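# Reading the structure
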Amino acid sequence: MAYVGRFAPSPTGPLHFGSLITAVASYCDARAQQGQWLVRIEDTDIPRIYPGSEAHILNAIEAFGFDPDAEIIFQKERLDLYEAVIEQLGQQGLVYACQCTRKMLGSNHIYQDTCRDLNLPFEHQAIRLKVEDVEICFADLLQGKHCSQLKKDLGDFVLKRRDGIINYQLAVVVDDYLQGMTHVVRGADLLDNTERQIYLGQLLGYPRLQYMHLPLAMNAQGQKLSKQNLAQALDLTQARQLLQQALQALHQPQVELDTPYRMLQQAVVQWDIARIPHTTTLQGHYL
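Every value quoted in this text rests on a predicted model; they were computed, and no experiment measured them.

### Regarding helix α3 (residues 79-91)
Here α3 contains 13 residues, and its C-alpha end-to-end distance of 19 Å stays within 8% of the 18 Å for a straight helix at 1.5 Å per residue. All of the buried residues in α3 are Y82, V85, I86 and L89. The buried residues of α3 all sit within an arc of 100° when viewed along its axis, so they share a single face. Those residues of α3 that are exposed and angled more than 90 degrees off the buried face are D80, E87 and Q91. Structurally, α3 contributes buried residues whose contacts are with β4 (95-98), β5 (126-129), β8 (157-160), α6 (168-178) and α7 (194-204). Just beyond α3, the residue with positive phi is G93, at close to 70°.

Shown next as structure tokens:
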């Protein structure tokens, strides 16, 4: 099967250096295998969209020389697709309405089936997927074998929030299928979401994907670079230097300083995933 990969940022803030590492790795891995590389804006959590971040993402795609193989899609324009999948799962008896709030659940991150058998109406309630007592495992290209006992480790998880927002777990699975993804390259902070997504995909009859979870860039405080931890926005005027730094962080061979597009093409030719650290975090500190 031909390789199809993607870069799928969320516009809850401008892109930072950790985002660039993911974009570079996903692009090079796809192109090195003569595959397609797509961009998807994961913006279902509309209240959390940060003003100007969508434009920054689109400008960064251009400034760093990336060339997606298809039109960029926005999840907020595809809500009917996700609702249709929830309806499909409902007809199969695989989801239920949940009235529990965060306050009611407390600190317990594993749902205890409180509403599973209450047969509540779906309107104005969260929608949870029924998880069976099975083990899901996958072989990550960098992190090795990873397993979760779904019922014990994860519990029934939300597909749609009480406020009507489609959850990431649902949208990413549906779009990866509809866009024909075969490979997912993303940060190791999403490693624990993978078994949920594999399980949901299996229920829907979707083919299983190949995963590669990259080590995370950390700041001086030992926190992953993220919008929540106030990571600096990428300076698009420094695209060439930042591309060099991203490739160095991934332990790839050095490329000549040129236009960003030509630098990426050289990086593709030299791409070697065996050189990427098989860890969940990168050594050193980043801004």
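And the narrative resumes.
### Section: the nonpolar core
Within soluble globular proteins, side chains that are nonpolar tend to cluster in buried spots. Core analysis: the biggest nonpolar cluster contains 44 residues, and L20, V24, F64 and F66 have the highest contact counts within it. Broken down by secondary-structure element, the contributors of at least two residues to this core are α1 (17-32), β2 (36-41), α2 (53-63), β10 (210-214), α8 (239-249) and α9 (260-270). With nine residues, α1 is the largest single contributor of residues to this core. Setting aside residues no more than four positions away along its own chain, L20 makes contact with F64, F66, L234, L242, L243 and A246. Grouped together as the second largest cluster of nonpolar side chains are 41 residues, V4, Y82, I136 and L154 included.

### Some thoughts on empty space enclosed by the protein
Considering all chains together, one arrives at one cavity of 30 Å³ or more under this definition. As for the largest cavity, its lining consists of F7, L15, L20, A23, A60, I61, F64, F66 and L234. In terms of residue class, the lining of the largest cavity is made up of nine nonpolar, no polar and no charged.

### Points about the sheet that holds strand β3 (residues 73-74)
Spatially, the three strands line up as an open sheet ordered β1-β2-β3, and their pairing is parallel. For this open sheet the edge positions go to β1 (4-7) and β3, each flanked by a neighbour on one side alone. As defined by bridge partners, β2 adjoins β3 across two bridges and the pair is classed as parallel. Each residue of the ladder has a partner; that of R40, found in β3, is I73. Those strands touched by α1 are β1 and β2, and its axis lies near 150° from that of β2.

### Describing a nonpolar patch on the surface
A contiguous nonpolar patch, built from L81, Y177 and L178 and spanning about 270 Å² of accessible area, is present on the exposed surface. Looking at the secondary structure, you find Y177 in helix α6. Overall, the relative accessible area of 41% leaves Y177 in the partly exposed class.

### Concerning unusual backbone geometry
Positive phi is not limited to glycine here, since Q34 has a value of about 55°. Secondary-structure assignment places Q34 in the loop between α1 and β2. Note on Q34: relative accessible area 71%, which makes it exposed. Positive phi is not limited to glycine here, since N119 has a value of about 55°. Along the polypeptide, N119 turns up in the loop between α4 (102-105) and β5.

Procedures and definitions
- Residues numbered from 1 in each chain as written.
- Predicted model: local features only at pLDDT ≥ 70, side-chain atom pairs only at ≥ 80, totals over all residues.
- Heavy atoms only, no water.
- Helix = DSSP H or I, 4+ residues; strand = E, 2+ residues; numbered from the N terminus.
- Expected span 1.5 Å × (residues − 1).
- Buried < 20%, exposed > 50% of the residue type's maximum accessible area, 1.4 Å probe, protein only.
- Arc of directions from axis to C-beta.
- Contact = heavy atoms within 4.5 Å.
- Core = buried A, V, L, I, M, F, W, Y, C linked by side-chain atoms within 4.5 Å.
- 1 Å grid on protein atoms, 1.4 Å probe; cavity = no way out; pocket = protein on both sides within 12 Å on 5 of 7 lines; lining within 4 Å.
- Points joined across faces, edges and corners; volume = space filled by probe spheres on them.
- Nonpolar A, V, L, I, M, F, W, Y, C, P; charged D, E, K, R; others polar.
- Pairing = 2+ DSSP bridges.
- Axes fitted to C-alpha atoms, helices over the stretch in contact; angles between N-to-C directions.
- Patch = residues over 30% accessible without salt bridge, like charges linked within 9 Å, V, L, I, M, F, W, Y side chains within 5 Å.
- Areas by Shrake-Rupley, 256 points an atom, 1.4 Å probe, with all protein chains shown as cover.
- Salt bridge = Lys/Arg side-chain N within 4 Å of Asp/Glu carboxyl O.

In short, shape yes, function no, at least from these values alone.
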